[in-house]
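Single-letter residue listing:
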Amino acid sequence: MNKSKLISGLSLIICLFALIQTKAADFYWVGGSGNWSDISHWRTTSGGATYPSVVPGSSDNVYFDANSGFTTTSKTVTLNVTGNCHNITFAGSSVAPTLTESGLQTLNIYGSSVWQSGMPAINIAYIYYRNTGEAKTITSNGVKTGNRDVYLEETNSISLSDAFSVELFLYHQAGTFRTNGHDLTIGYSFDASRTSSPKTIILGSSQVYMTTTRAIFNTNQANITLNAGTSHIHFPNISSFQFTEGILPYQGQTFYNVSFENSNGGGSLGGTQTGTVYFNRVEFKGNGNIYQNNHFKELVFAPTKTYQLSSGKTQTITSLLSASTPQCGGWSTIQSSTSGTKASIAV
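Described below are features of the structure shown in this document. (Residues numbered from 1 in each chain as written. Predicted model: local features only at pLDDT ≥ 70, side-chain atom pairs only at ≥ 80, totals over all residues. Heavy atoms only, no water.)

### With respect to the overall build of the chain
Next up, step 1: Across its full length, the chain holds one helix and 34 strands.
Next up, step 2: Residue burial in the chain is summarised as follows: out of 347 residues, 47% are buried.
Next up, step 3: Restricting to contacts in the chain with at least 6 residues of sequence separation, those with at least 24 account for 48%.
Next up, step 4: When the accessible surface of the chain is split by element, carbon and sulfur atoms take 51% of a total near 15000 Å². (Helix = DSSP H or I, 4+ residues; strand = E, 2+ residues; numbered from the N terminus. Buried < 20%, exposed > 50% of the residue type's maximum accessible area, 1.4 Å probe, protein only. Contact = heavy atoms within 4.5 Å. Areas by Shrake-Rupley, 256 points an atom, 1.4 Å probe, with all protein chains shown as cover.)

Now the structure itself:
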């Protein structure tokens, strides 16, 4: 046989094999509790008898449904290897299942996700919404996503269908993140500053809750477009005054409402930006530090607390500066960060 024809034939076979292997398929879970890697728990149809030849891959949709066999004593799906799928859907089971991990595992989602109401928090350390160039959605149904890190890598868009909650870190790595006005709860940090990819954050009317004592909302990159809408970023428990925590903006960005709500703690606004950042209303209920130049419509301080403003910088307030104290309740203190160097307030 001619050598070039043989090579061409082999290339065609390899290409056809690759096409067969990468063709998207639907995988359905059966048999109640089990490990993700166990092929005996996967079927090609809901409640069917036909086994797939492999566990799900990045182009395959996975379903956990009414025919998955979950019972009160057999309802745990354990991710014991790196998991890959396109869409992942938990829906329709009369018993809400549990998705957990063995060790620290990674779940790569190349499409959208749906969790079933009543499931406990998705107990997986690293969840990635990988980039495929398609718009994705996250539907939580009241279920917390992940026990550690969630990464949003899609260069197109990722949109919330309802309220979203993550245990510790939410990393926005690329593309558009759209909350659609739904509540967003983050245990430790929202960070959009880790990559050079262009990113757009659209918060709409969302209530954003940063829940730990050292919470961080970080948009400090030139490649980030922040559309704050009428959103409100809450820090209910923050106690840190460091410029590396609290709100870490980039110059020129506009936030709507921000509140530091721990009356026994503090709060930090501004980081290392070189230009002015804009806010509708900022309220401190505890002590606080304000870094760099900022522009407020309303800035509200609490009675008997202490506030430190960056020396050599200006805080501009166009409508309301409030530092009122109750009668005989003690003074609020507003001071420069550097003794002998003024910090300015322009009203």
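### Here's the deal with the packing of aromatic side chains
Next up, step 1: Summed over the entire model, instances satisfying the criterion amount to 24 aromatic pairs.
Next up, step 2: Here the aromatic rings of Phe90 and Trp115 are separated by 5.9 Å at their centres, their planes lie at 50°, and the arrangement is tilted. Linking Phe90 in strand E7 (residues 88-90) with Trp115 in the loop between strand E10 (113-114) and strand E11 (126-129), this pair joins segments that are 25 residues apart in sequence. For the residue pair Phe90 and Trp115, the accessibility class agrees, reading buried in each case.
Next up, step 3: When the centroid spacing of 5.8 Å and the interplanar angle of 5° are considered together, the rings of Phe169 and Tyr171 count as stacked. (Phe/Tyr/Trp six-rings, centres within 6.5 Å; stacked < 30°, edge-to-face > 60°.)

### Some words on a nonpolar patch on the surface
Next up, step 1: Residues Leu321, Ile334, Ile345 and Val347 make up a contiguous nonpolar surface patch of roughly 350 Å² in combined accessible area.
Next up, step 2: Following the sequence through the fold, Ile345 ends up in strand E34 (residues 344-346). (Patch = residues over 30% accessible without salt bridge, like charges linked within 9 Å, V, L, I, M, F, W, Y side chains within 5 Å. Salt bridge = Lys/Arg side-chain N within 4 Å of Asp/Glu carboxyl O.)

### Remarks on the sheet that holds strand E8 (residues 98-101)
The pairing of strands in a sheet happens through backbone hydrogen bonds and is either parallel or antiparallel.
Next up, step 1: Pairing within the open sheet is parallel, and its three strands lie in the order E2-E5-E8. What marks the edges here is a single partner per strand, and that holds for strand E2 (34-35) and E8.
Next up, step 2: Bridge count for E2 against strand E5 (residues 76-79) is two bridges, and the pairing is parallel. Its bridge partner lying in E5, Asn35 is registered against Thr78. (Pairing = 2+ DSSP bridges.)

### As for the side chain of Ser332
Next up, step 1: Here Ser332 is to be found in the loop between strand E32 (314-322) and strand E33 (333-336).
Next up, step 2: Separated by 2.8 Å, the side chain of Ser332 and the backbone oxygen of Ala302 make a polar contact.
Next up, step 3: At 3.4 Å, the side chain of Ser332 and the backbone nitrogen of Thr304 are in polar contact. (Polar contact = N/O pair within 3.5 Å; in protein donor to acceptor, adjacent residues only side chain to side chain.)

### A word on the pattern of salt bridges
Any two side chains of opposite charge can pair, on the condition that their charged atoms come close.
Next up, step 1: Tallied over the full model, the rule gives seven salt bridges.
Next up, step 2: Among the salt bridges present, the one from Glu153 reaches Arg130, with a minimum N-O distance of 3.0 Å. One end of the pair, Glu153, is in the loop between strand E13 (149-152) and strand E14 (157-160); the other, Arg130, is in the loop between E11 and strand E12 (136-139), with 23 residues separating them in the sequence.
Next up, step 3: The salt bridge involving Glu298 is made with Arg281; its shortest N-O contact spans 2.5 Å. Linking Glu298 in strand E30 (residues 294-300) with Arg281 in strand E28 (residues 277-284), this pair joins segments that are 17 residues apart in sequence.
Next up, step 4: Salt bridges sharing partners connect three or more residues here, namely Arg281, Glu283 and Glu298.

### So, unusual backbone geometry
Next up, step 1: With a phi close to 50°, Asn141 is a non-glycine residue in the positive phi region.
Next up, step 2: Turning to its location among the elements, Asn141 is positioned in the loop between E12 and E13.
Next up, step 3: Overall, Asn141 belongs to the partly exposed group, its relative accessible area being 35%.
Next up, step 4: Of note, the phi angle at Thr304 is positive, near 65°, even though the residue is not glycine.
Next up, step 5: For Thr304, the location among the structural elements is in the loop between E30 and strand E31 (306-309).
Next up, step 6: Note on Thr304: relative accessible area 42%, which makes it partly exposed.

### Thoughts on the nonpolar core
Grouped burial of nonpolar side chains is what soluble globular proteins tend to show.
Next up, step 1: Residues Phe64, Ile88, Leu99, Leu170, Phe217, Phe235 and Ile247 are the most contacted members of the largest nonpolar core, which totals 66 residues.
Next up, step 2: Looking at this core element by element, the count peaks at four residues for E28. (Core = buried A, V, L, I, M, F, W, Y, C linked by side-chain atoms within 4.5 Å.)

### Topic: the environment of Glu134
Next up, step 1: Position of Glu134 among the secondary structure elements: in the loop between E11 and E12.
Next up, step 2: The class for Glu134 is partly exposed, based on a relative accessible area of 28%.
Next up, step 3: Spatially, the C-alpha atom of Glu134 lies 35 Å from that of Leu269, the residues being 135 residues apart in sequence.
Next up, step 4: Apart from the residues within four sequence positions on either side, Glu134 is in contact with His86, Tyr110, Gly111, Glu154, Asn156 and Ser157.
Next up, step 5: A distance of 2.8 Å separates polar atoms of two side chains, one belonging to Glu134 and the other to Thr132.

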